[in-house]
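Here are the chains, one letter per residue:
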Amino acid sequence: MVSESIAITQPLLNSVTNAELAASQGADIILVNMFDSENPCIMGMPAGTPPEQTLHELQRLTGRIIGVNLEAVDPNFATEHDDLWKMKSGRAATPENARRLINMGAKILVLTGNPNNGVSNQALGEAVKSIREATGESAVIISGKMHGAGIVSESGSSIISEEDVRWFATQGADVILLPAPGTVPGMSLERVSRLVDTAHRHGALAMTAIGTSQEGADISTIRQIALWSKMAGADLHHIGDTGYMGMALPENILAYSIAIRGVRHTYNRIARSVNR
């Protein structure tokens, strides 16, 4: 279970990071979005945390594996905008940023795109290759899109094809990111199942993702998406960062976890001390 949170937004609980709250609801992996490797900051971290130790400290506090998003902006589709998701150089999917994040403690690098930033599948594949060559096996690399990321031609049912899955895998991706069934128009259970099978045939795992603000939907919707994703063959289950702005609704993280593995394993994950 992978739970995403936004580094730069005010935490729901003020003095506790959203990552810690997600971990308390059953998340196994924490994925940090909008983390600028050139200016490291996660809101809610203890005062006095050295910037370069931010990810190490987050891992210590949560006892979870930490991943960070990087964005592969395609120059042919890049756009200028000034909203929350505005691109910064420290978030670009470059070998330099990847090495910096790994040195800071990131164990997973997710190459994807935020809204309106112009991230293409071609650019993602190229970024996978360059980062893999630069970092070797130092981090798990995940690649794919949860939504169109600013490119109309790669939206809806065209967001990812079996050829894109093959492309990411052959460039060095360990895990292929796919929209969860029911989250993007045209991404049915059958279609996602075929994409998962393609990833597995090419030696990669598959992660289904909720990246369309449905992490803020009602619990019954979350349970349905969770079961569809499990039926599709997902190896990792991702829930996004904008239920309320910054993370999924905490109760939805819990509901998703219970839907795919029951209360026994969920409560074990919640109750286990970070000191074990």
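Before reading on, note that the structure itself is shown above.
So, how was this worked out
- Residues numbered from 1 in each chain as written.
- Predicted model: local features only at pLDDT ≥ 70, side-chain atom pairs only at ≥ 80, totals over all residues.
- Heavy atoms only, no water.
- 1 Å grid on protein atoms, 1.4 Å probe; cavity = no way out; pocket = protein on both sides within 12 Å on 5 of 7 lines; lining within 4 Å.
- Points joined across faces, edges and corners; volume = space filled by probe spheres on them.
- Helix = DSSP H or I, 4+ residues; strand = E, 2+ residues; numbered from the N terminus.
- Pairing = 2+ DSSP bridges.
- Axes fitted to C-alpha atoms, helices over the stretch in contact; angles between N-to-C directions.
- Contact = heavy atoms within 4.5 Å.

Asker: How would you explain empty space enclosed by the protein if you had to name every residue and give the values?
Answerer: Picture a little ball the size of a water molecule; that probe, rolled over the atoms, points out where space is still empty. Applying the stated criterion across every chain yields a total of one cavity of 30 Å³ or more. Computed from the structure, the largest cavity encloses a volume of approximately 60 Å³. Lining the largest cavity we find S5, I6, A7, T9, P11, T17, N18, A19, V32, I42, M43 and L58. Of all the secondary structure elements, the ones that give two or more residues to the lining of the largest cavity are β1 (2-6) and α1 (18-24).

Asker: How would you sum up the sheet that holds strand β2 (residues 29-33)? Please name residues and give values.
Answerer: The strand order around the closed barrel built from eight strands is β1-β2-β3-β4-β5-β6-β7-β8, with neighbouring strands paired in parallel fashion. Mean inter-strand twist for the sheet, computed between neighbouring axes without regard to direction, equals 25 degrees. As defined by bridge partners, strand β5 (residues 140-144) adjoins strand β6 (residues 175-179) across three bridges and the pair is classed as parallel. When the sheet's bridge partners are listed, G144 is paired in β6 with L177. Contacting β2 and β3 (65-71), helix α2 (residues 54-62) runs over the sheet at an angle of about 140 degrees to β3.

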